[in-house]
4 protein chains.
Amino acid sequence: MPIKAVVWGENVHEQTDEVVREIYPDGMHATIAAALNQDKAIEATTATLQEPEHGLTEKRLAATDVLLWWGHAAHDAVDDAIVERVQRRVWEGMGLIVLHSGHFSKILRRLTGTPCALKWREAGERERIWVVNRNHPIAEGLGECIELEHEEMYGEPFTVPEPMETVFISWFEGGEVFRSGLTYQRGAGRIFYFRPGHETYPTYHNADVQKVLRNAVRWAYNPAKPWTTVADGINVPVGKTKEPLVEKGPKLNSHAKKPAG
Amino acid sequence: MPIKAVVWGENVHEQTDEVVREIYPDGMHATIAAALNQDKAIEATTATLQEPEHGLTEKRLAATDVLLWWGHAAHDAVDDAIVERVQRRVWEGMGLIVLHSGHFSKILRRLTGTPCALKWREAGERERIWVVNRNHPIAEGLGECIELEHEEMYGEPFTVPEPMETVFISWFEGGEVFRSGLTYQRGAGRIFYFRPGHETYPTYHNADVQKVLRNAVRWAYNPAKPWTTVADGINVPVGKTKEPLVEKGPKLNSHAKKPAG
Amino acid sequence: MPIKAVVWGENVHEQTDEVVREIYPDGMHATIAAALNQDKAIEATTATLQEPEHGLTEKRLAATDVLLWWGHAAHDAVDDAIVERVQRRVWEGMGLIVLHSGHFSKILRRLTGTPCALKWREAGERERIWVVNRNHPIAEGLGECIELEHEEMYGEPFTVPEPMETVFISWFEGGEVFRSGLTYQRGAGRIFYFRPGHETYPTYHNADVQKVLRNAVRWAYNPAKPWTTVADGINVPVGKTKEPLVEKGPKLNSHAKKPAG
Amino acid sequence: MPIKAVVWGENVHEQTDEVVREIYPDGMHATIAAALNQDKAIEATTATLQEPEHGLTEKRLAATDVLLWWGHAAHDAVDDAIVERVQRRVWEGMGLIVLHSGHFSKILRRLTGTPCALKWREAGERERIWVVNRNHPIAEGLGECIELEHEEMYGEPFTVPEPMETVFISWFEGGEVFRSGLTYQRGAGRIFYFRPGHETYPTYHNADVQKVLRNAVRWAYNPAKPWTTVADGINVPVGKTKEPLVEKGPKLNSHAKKPAG
């Protein structure tokens, strides 16, 4: 059975800006989904901000193995309830790949617990993405670096937690550097942040970038059954302990109403 | 100048439960603050849920180096705006020490991005907290373990991110284990989670527990100036680049309204 | 093509001790290899200390995807040249699974850079291995814990580096705890340390333990081509730079003899 | 009492190369030690390859809090017994700061368990060291980056383990990037690798570089008593257990000769 991927696109610039529409006539999400579908092991569909529940209903998310997220102009327009729903599914084991300006998305900030801020410049400069963790599954099939002739600059400090793995680091023509490929785990879910992908450049048409996206979907996929109790405080009373145990010591008067944990 | 520590106490059980009041007649927060003040390098005061703004005004937090957090029955009663304020200060460099049932506090869940769930049992059983990272500053002056005759059990899996450092791991009489001392960094702020401290036992009167709290305050203290721009997307335009750079490539039509990053 | 696993056994206790021989008549390595071969995706063979080059010739190692290592009484008898050879292959991408008393093996100490010391007791006590990272591939198919009625105790502090992932933590009847499943990466190679497996108990006949071993082989397998230059200092001279560069500044007189890096 | 730092210099280029001698007439180690001694909290002395036992006797190391290491042309000339002695002291709690071409030193390779290889080019190009972890103690007092007009290039992939913290990342004029400030812990010892410092450039005269070195010495200093048993397998026999325990199960015939662990 193929990995079910959903490419979530904010889909704003594509509707309002001719430059973007020319590069991505069907939307960036459509281009990304098409790139994923070149891998027979992946079955990618799309969802956008404008759909009911942003296209991310409980049912849809329950059937999603890996979610990709691109947003920029409308982070605040994403409903908090949907963000919580996505976070919950990541905890349960759904993979999440956050793309480019998605660094400031509600979902990445929530899952990392950090502001995810950075320096930036839109000047069409050259970016060279160096492969740091060479034999990592996400880097499979790449050379020593990916060169993008025109990209937006993101510069350090990138205020995220120290990652589980640093896969890529970028060099920029204007003099900055950036950790461009970072992995995290939250609950049972694997998270990958991938830097490039500014809307006014054809980055998602680049063969190496597309390869990274396919690799990342395979890497983020967790075949285990969803961990549905991941957020539950679970009481293990005396009588159900692994070792024989006699209750002792003082306790709260109103035990019945005791909060979990 | 001493380290300014604020001990935040939910202060509910102390008001409603005789068992707790007997052990902590002035509140758990008062006992903890007194323990900290035994160290001349620390100046500890208290704040509680019931005070205006939970005792954590902008001004108070700006003057706080390290915040300690104990909560249990009333996590939901903590105002989201105050939680965001605390999170912001941690990002800027304020230390945070989360105690016992504070694992389910809004602030720890926000800063870790995880549910922070666990197994639990209130049976007054024996806990043995093993020192895993022996010469870590937080373990200074301890023996190989701390024994607590009566404690609430917390059991793995503890759904938090893999920590920066594992300082303590607990053994429980009923058969469980738990990572009882974990460190994290978020922005410029250091975070320490310390497990023991159930309200119906005299844990915060234990000399070793008090030593850990003092050590942790010293460890979490960041003398650097607050990182006030930690959450800002900072534009570095052409003309202000480190390397000479000529603008090129396409850009959004409506550049003036471009969102940060 | 199946994953090629080699189970390396020290094979000393099996030859000299009746108790061990009764439990593992063909050697522990044979029992482990048979357990791995229950998975059609794995093709496991064995090697022992007593064979020429300990059964780990250059050719054999070059054809090995994942190496499992059990040693105890004869760590010092392992040839340093073979240890270096194994280390080199791990750097290139071969997976390594170190078992039980292999904690003190030359290979684990070399790859972690630490003494890998611990407390121990051979008293046949009960061990309960808790699953901490529940949906990790190595924990696939397990319940919340593995119970072993008789095992040797290993106690913290286990002097290893903070791991990439903490998969298991053990509880012992005598009162200790231990991080029983830890992952690392060195170069392109993934490493897993798995605690249980004392020679006088039938641990490797346990169905859950066997499952962990199979899972770990699949997890440690890196399908990428060996990273043969992983240890090389690679010169990138002017003329071969990614950006145009003019040589400048002073340099060593005797440039020709300049050491790498 | 001040922190006792020893700056170990290979002291080869200074003796054989006029270019180096002009920049560092008393040796690089002397320049570095003088920079450290500007901090009243530090008392720095030097040691060199040419001295008996390379200047690192048991007695000297026992009295050393933090060791700095610069080597390049003569890594192989360092006696393995001295390397083991240094490693042992790091495990016990001595801080270690490895400088520039020390990346290929025996001691860093041993402590990380990796080849520590990289790309390199001696072309006097511009290096810009970006501060990634802004309020880290090692970055105290720095601006957003350090600029060095002439440096040797080191490029990724740098084959070291994922660090505890990434403090600095460098940008190079020729198009490469490098993780220039990385922290590790091994046993009780803290380790910092700091990239710049090629012998033919005046890098150690740079005020910011000197500041980093002083900060790093303070950070790496562990005031705890040396962990002298860090490498010992410690037996905890029945009768000395924390919990009452009855010996059971089979055991090796020749128990008396049982190896540790």
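So, here's what we can say about the structure. (Residues numbered from 1 in each chain as written. Chains lettered and ligands numbered in written order. Predicted model: local features only at pLDDT ≥ 70, side-chain atom pairs only at ≥ 80, totals over all residues. Heavy atoms only, no water.)

This paragraph deals with the environment of Trp120 of chain C. Residues and elements named next belong to chain C. Following the sequence through the fold, Trp120 ends up in strand S5 (residues 119–131). Given a relative accessible area of 9%, Trp120 falls into the buried group. Counting along the chain gives 36 residues from Trp120 to Glu156, while the straight-line C-alpha distance between them is 9.2 Å. (Helix = DSSP H or I, 4+ residues; strand = E, 2+ residues; numbered from the N terminus. Buried < 20%, exposed > 50% of the residue type's maximum accessible area, 1.4 Å probe, protein only.)

Screw-axis analysis of chain B against chain A gives a translation of 0.0 Å along the axis, an RMSD of 0.0 Å, and a rotation angle of 180°. Read as a symmetry element, the transformation amounts to a two-fold axis. The rotation axis passes nearest to the C-alpha of Gly113 of chain B in chain B, at a distance of 2.5 Å. Residue by residue, 99% of the interface of chain B is reproduced at the interface of chain A, so both copies engage with the same surface. (Least-squares fit on C-alpha atoms with pLDDT ≥ 70 in both. Contact = heavy atoms within 4.5 Å.)

Mapped onto the secondary structure, Thr203 of chain B falls in the loop between strand S9 (189–194) and helix H7 (207–220). If sequence neighbours within four positions are ignored, Thr203 of chain B has contacts with Tyr24, Leu148, His150, Glu151, Pro196, Gly197, His198 and Val209 of chain B.

A few words on the interface of chain D and chain B. Contact residues are listed per partner, giving 24 residues for chain D and 24 residues for chain B. Surface buried jointly by chain D and chain B totals about 1,900 Å² across both partners, of which 44% is contributed by carbon and sulfur atoms. Its largest share of buried area at the contact with chain B, chain D owes to Asn135, Lys242 and Glu243 of chain D, together 33% of the area lost on that side. Across the contact surface, chain D and chain B share six salt bridges. Its salt-bridge partner being Glu243 of chain D, residue Arg128 of chain B comes within 2.6 Å of it at the nearest N-O pair. The set of elements that each furnish at least two residues to the side of chain D that touches chain B consists of strand S5 (119–131), strand S6 (145–155) and strand S7 (165–172) of chain D. Taken together, the residues that form the side of chain D that touches chain B break down as nine nonpolar, five polar and 10 charged. (Buried area = accessible area lost by both parts, 1.4 Å probe. Salt bridge = Lys/Arg side-chain N within 4 Å of Asp/Glu carboxyl O. Nonpolar A, V, L, I, M, F, W, Y, C, P; charged D, E, K, R; others polar.)

For the rest of this paragraph, the subject is the pairing of S5 of chain D. S5 of chain D sits mainly inside the fold: 13 of its 13 residues count as buried. Of the strand pairs in this sheet, strand S10 (residues 234–235) of chain C and S5 of chain D are connected by two bridges, and their pairing is parallel. Of the residues in S5 of chain D, the one forming a bridge with Ile234 of chain C is Lys119 of chain D. Sheet topology places S5 of chain D next to S6 of chain D; eight bridges connect them, and they run antiparallel. Opposite Lys119 of chain D, over in S6 of chain D, you have Gly155 of chain D as the bridge partner. (Pairing = 2+ DSSP bridges.)

In this section: H7 of chain B. Count 3.6 residues to each turn of an α-helix, and residues three or four apart come out pointing the same way. Residue and element names in this part refer to chain B. Across its 14 residues, H7 extends 20 Å between first and last C-alpha, which sits within 8% of the 20 Å expected from 1.5 Å per residue. Where burial is concerned, most of H7 is hidden: 10 out of the 14 residues are buried. Within H7, the full set of buried residues consists of Val209, Gln210, Val212, Leu213, Arg214, Asn215, Ala216, Val217, Trp219 and Ala220. N-cap assignment for H7: the residue whose side-chain oxygen lies 2.8 Å from the backbone N of Asp208 is Asn206. (Expected span 1.5 Å × (residues − 1). Polar contact = N/O pair within 3.5 Å; in protein donor to acceptor, adjacent residues only side chain to side chain.)

The next subject is the packing of aromatic side chains. Taken as a whole and judged by the stated rule, the model has 34 aromatic pairs over all chains. Considering the side-chain rings of Phe158 of chain D and Tyr193 of chain D, the 5.3 Å spacing of their centres and the 50° angle between planes classify their relative orientation as tilted. A residue pair is termed long-range when its members are at least 10 positions apart, and Phe158 of chain D in the loop between S6 and S7 and Tyr193 of chain D in strand S9 (residues 189–194) qualify at 35 residues. Residue Tyr193 of chain D is classed as buried on the basis of its relative accessible area of 1%. Between Phe192 of chain D and Phe194 of chain D, the aromatic rings sit 5.8 Å apart at their centres with planes inclined by 20°, giving stacked as the arrangement. Taken together, the aromatic side chains of Tyr154, Phe158, Phe178 and Tyr193 of chain A make up a single cluster linked through ring pairs. Directly above the ring of Tyr154 of chain B sits Arg195 of chain B, whose terminal nitrogen or CZ lies 4.8 Å from the centroid. (Phe/Tyr/Trp six-rings, centres within 6.5 Å; stacked < 30°, edge-to-face > 60°. Lys NZ or Arg CZ within 6 Å of the ring centre and 35° of its normal.)

Attention now moves to the relation of the copies chain D and chain B. Screw-axis analysis of chain D against chain B gives a translation of 0.0 Å along the axis, an RMSD of 0.0 Å, and a rotation angle of 180°. A shared binding surface is used by both copies, with 96% of the interface residues of chain D retained as interface residues in chain B.

For the rest of this paragraph, the subject is the interface of chain B and chain A. Residue-level contacts link 76 residues of chain B with 76 residues of chain A. Around 5,600 Å² of area is buried between chain B and chain A when both sides are counted, 59% of it from carbon and sulfur atoms. Put simply, chain B and chain A have two salt bridges between them. The salt bridge involving Glu173 of chain B is made with Lys248 of chain A; its shortest N-O contact spans 2.9 Å. Scanning the region where chain B abuts chain A turns up 28 residue pairs in polar contact (both at pLDDT 80 or more). Elements that contribute at least two residues to the side of chain B that touches chain A include exactly helix H1 (13–16), helix H2 (18–23), helix H5 (80–92), helix H6 (106–112), strand S5 (119–131), strand S6 (145–155) and strand S10 (234–235) of chain B. Among the elements that line the side of chain B that touches chain A, the one with the most residues is S5 of chain B, at eight residues.

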